[in-house]
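Fold and contact review
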Amino acid sequence: MLSQEMLSLTILLCAFWSSSSALNNEDYDLMYLNFENEIESIVPATEETISCDCQREHTEWDKLFIMLENSQMKENMLLQSIDEILKVELQTLRAEMIQFVANFAGTCTTTIEKVTSRVLSQVDQTLMRNRDHVQESKTLHESEQRKILEELLQLSLNVSNRLTQLESVWQRTAKVETGFQQQVKSSDMGRGDNFILNSLREELQQTRAELKGSQKWAAQHLLPAGKSMPGCETAILFPMRSKKIFGSVHPTVDMMLQSFTACIWVKVTEVLDKTIVFSYGTKRNPYEIQFYLSRESAVLAVGSDQNKLIAPNTISPGQWAHFCGTWSSDNGTLSLWANGELVATTSEIAEAHIIPDGGILQLGQEKNGCCVGGGFDETLAFSGKLTGFNIWDRVLSNEEITAQPRAEDSCNIRGNVVGWGVTEILPHGGAQYVF
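Here is a short report on the structure shown in this document.

Conventions and cut-offs
Residues numbered from 1 in each chain as written. Predicted model: local features only at pLDDT ≥ 70, side-chain atom pairs only at ≥ 80, totals over all residues. Heavy atoms only, no water. Patch = residues over 30% accessible without salt bridge, like charges linked within 9 Å, V, L, I, M, F, W, Y side chains within 5 Å. Areas by Shrake-Rupley, 256 points an atom, 1.4 Å probe, with all protein chains shown as cover. Salt bridge = Lys/Arg side-chain N within 4 Å of Asp/Glu carboxyl O. Helix = DSSP H or I, 4+ residues; strand = E, 2+ residues; numbered from the N terminus. Buried < 20%, exposed > 50% of the residue type's maximum accessible area, 1.4 Å probe, protein only. Pairing = 2+ DSSP bridges. Axes fitted to C-alpha atoms, helices over the stretch in contact; angles between N-to-C directions. Disulfide = S-S within 2.5 Å. Contact = heavy atoms within 4.5 Å. Core = buried A, V, L, I, M, F, W, Y, C linked by side-chain atoms within 4.5 Å. Phe/Tyr/Trp six-rings, centres within 6.5 Å; stacked < 30°, edge-to-face > 60°. Lys NZ or Arg CZ within 6 Å of the ring centre and 35° of its normal.

**Re a nonpolar patch on the surface**
There is a patch of nonpolar side chains on the surface, built from Val115, Val119, Val123 and Leu127 and spanning about 330 Å² of accessible area. For leucine 127, the location among the structural elements is in helix H4 (residues 60-179).

**Here's the deal with the environment of serine 137**
You can see serine 137 is positioned in helix H4. Relative accessible area serves as the criterion here: at 36%, serine 137 is assigned to the partly exposed category. Residues serine 137 and proline 239, spaced 102 residues apart in sequence, show a C-alpha to C-alpha distance of 9.4 Å.

**What to know about the sheet that holds strand E12 (residues 384-392)**
Ordered in space as E10-E9-E8-E3-E12-E1-E14, the seven strands form an open sheet in which the pairing is antiparallel. Two strands lie at the open edges of the sheet, namely strand E10 (341-346) and strand E14 (432-434), each paired on one side alone. Neighbour to neighbour, the strand axes of the sheet diverge by 25 degrees on average, direction disregarded. Relative to E14, strand E1 (residues 235-238) is paired through three bridges, and the arrangement is antiparallel. If you follow isoleucine 236 over to E14, its bridge partner there is tyrosine 433.

**A few points about the sheet that holds strand E7 (residues 308-311)**
Strands pair in a sheet through their backbones, by hydrogen bonds, and they do so in one of two ways: parallel or antiparallel. The sheet built from seven strands is open, its strands ordered E7-E6-E5-E4-E11-E2-E13 with antiparallel pairing. Among the strands making up the open sheet, the edge pair consists of E7 and strand E13 (424-428). Across the sheet, the axes of successive neighbouring strands diverge by a mean angle of 20 degrees, strand direction being ignored. Inspection of the sheet shows strand E4 (residues 275-281) paired to strand E11 (residues 360-363) by four bridges, in the antiparallel sense. Within E11, the position partnered with phenylalanine 278 by the bridge is leucine 363.

**Regarding the pairing of E11**
Where strand E2 (residues 246-250) meets E11, three bridges bridge the pair, whose relative direction is antiparallel. Within the sheet, the bridge partner assigned to valine 249 lies in E11 and is leucine 361.

**Points about the state of the cysteines**
Taken as a whole and judged by the stated rule, the model has one disulfide. At a sulfur-sulfur separation of 2.0 Å, the disulfide partner of cysteine 263 is cysteine 324. Here the S-S torsion is close to 115 degrees, and the disulfide linking cysteine 263 with cysteine 324 is therefore right-handed. On the criterion of sequence distance, the pair formed by cysteine 263 in strand E3 (residues 259-268) and cysteine 324 in strand E8 (residues 321-328) is long-range, its members being 61 residues apart. Of the two residues, cysteine 263 and cysteine 324, neither departs from the other in class, the shared state being buried.

**Some details on the side chain of threonine 275**
Along the chain, threonine 275 falls in strand E4. Relative accessible area serves as the criterion here: at 0%, threonine 275 is assigned to the buried category. Discounting chain neighbours no more than four positions away, the residues touching threonine 275 are Glu270, Tyr292, Leu293, Leu380, Ala381 and Phe382.

**Quick word on the nonpolar core**
Judged by nonpolar contacts, the single largest core of 45 residues is most densely connected at Val266, Phe291, Leu293, Leu363 and Phe389. At five residues, the largest contribution of residues to this core is made by E3. Leave out the neighbours within four places in its chain, and leucine 363 touches Ile236, Phe238, Phe246, Gly247, Val249, Ile264, Val277, Phe278, Leu386, Phe389 and Ile425.

**Concerning the pattern of salt bridges**
Where charged atoms of side chains with opposite charge meet at close range, the side chains can pair. Tallied over the entire structure, the rule returns four salt bridges. Aspartate 273 is the partner of arginine 295 in a salt bridge, and the nearest nitrogen-oxygen pair spans 3.0 Å. A residue pair is termed long-range when its members are at least 10 positions apart, and arginine 295 in the loop between strand E5 (289-294) and strand E6 (297-302) and aspartate 273 in the loop between E3 and E4 qualify at 22 residues. With its nearest N and O atoms 3.6 Å apart, the salt bridge here joins glutamate 366 to lysine 274. Of this pair, glutamate 366 sits in the loop between E11 and E12 while lysine 274 sits in the loop between E3 and E4, and the two are 92 residues apart along the sequence. Like glutamate 366, the residue lysine 274 is buried in the burial classification.

**Section: the packing of aromatic side chains**
Counted by the stated rule, this structure contains eight aromatic pairs. Aromatic pair phenylalanine 260 and tryptophan 327: ring centres 5.9 Å apart, planes at 40 degrees, arrangement tilted. Pair noted here: phenylalanine 260 is in strand E3 and tryptophan 327 is in strand E8, with a separation of 67 residues, a long-range link. We note that phenylalanine 260, like tryptophan 327, is buried. Grouping aromatic residues by their ring pairs yields a cluster made of Phe278, Phe291, Phe323 and Phe389. Sitting over the face of the ring of tyrosine 292, lysine 274 holds its NZ or CZ atom 4.9 Å from the ring centroid.

Below you can see the structure in the form of structure tokens.
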């Protein structure tokens, strides 16, 4: 279409150039008659006009004015043609733009729908995985409870059988004493009594061994609570290692300490190079107190992350363990206890240092970037269970520490700075209390 319009424009320009050449060659009449210049609604000439035009010829000026008039008419025609061409081109361009916008809008809509569908699919998959994980945890918990009940039932049956056997032995003893009281010699009676006593002793030793085995198994799978193993009422579960999961501790007394004892029950799922159990820090020093696990070792730090005491070979993932740490600023003595036994001690650690008040006490995380606007580190997070967390503002005696993991009311022993079951401890980010 554009080529035809350009051809028409070229023809008009050639016609204009031909008209100009005719004026210079003084052959105007012939050229003027050959132009296709049709003028609509020509007014018929009167007799006077005809007679007048016939009598005189056109002068050079008349021819020039006529030539100019024709040139102006052709120029108007050329401009009109150009306007029509531009109008058609603009309409074509508008149609193409409308089509392009429609196609682009359709493509964007399709892309948005695909992205939305993909995001929804990923969200659904995540929800399904979380639901499966929760269901698996629930099933595992139910399985552990079932095993516990089966063990308790078997233990009860064993104890019942032992008591039945003991009762039978005593009944036989009574019959023997009644039937042969006056007939059996004193030496024979002595041998019979010794035999009965030995049988009773063996039965009691076997029963005691079974009870100890059941208690040991329960100590590894239930919440800890000393010899009788009734189970602590609550623990805090950290289901996974996450920078959002932690517990915040809010003591009601000041944390300005010149000495302390901190004790806690720990059942860790997995231990990395540094797995925080609890930490206390201020804006000036985020490492005032730290107790963390490192592979198979327990580590207690006071005043700085460099002032630390390491107790190797004290960690068994998946089993409950009781830890106590003590420190005194008088001589900088720092000690670690595991399951009631002293496993490491040193001196001249943060000597004459005073732990300031106004810091943050947390379970399962450390505020390692508090001074420069930092946050939690996922690799330091704790995963597992914690219970029986207590802090005293003094160094407990060896007897007090040794008795804690063996006491029947282990979870009822409470510190005067932080007391488990009394001091407010809030779980965050997915941590929760379990019973």
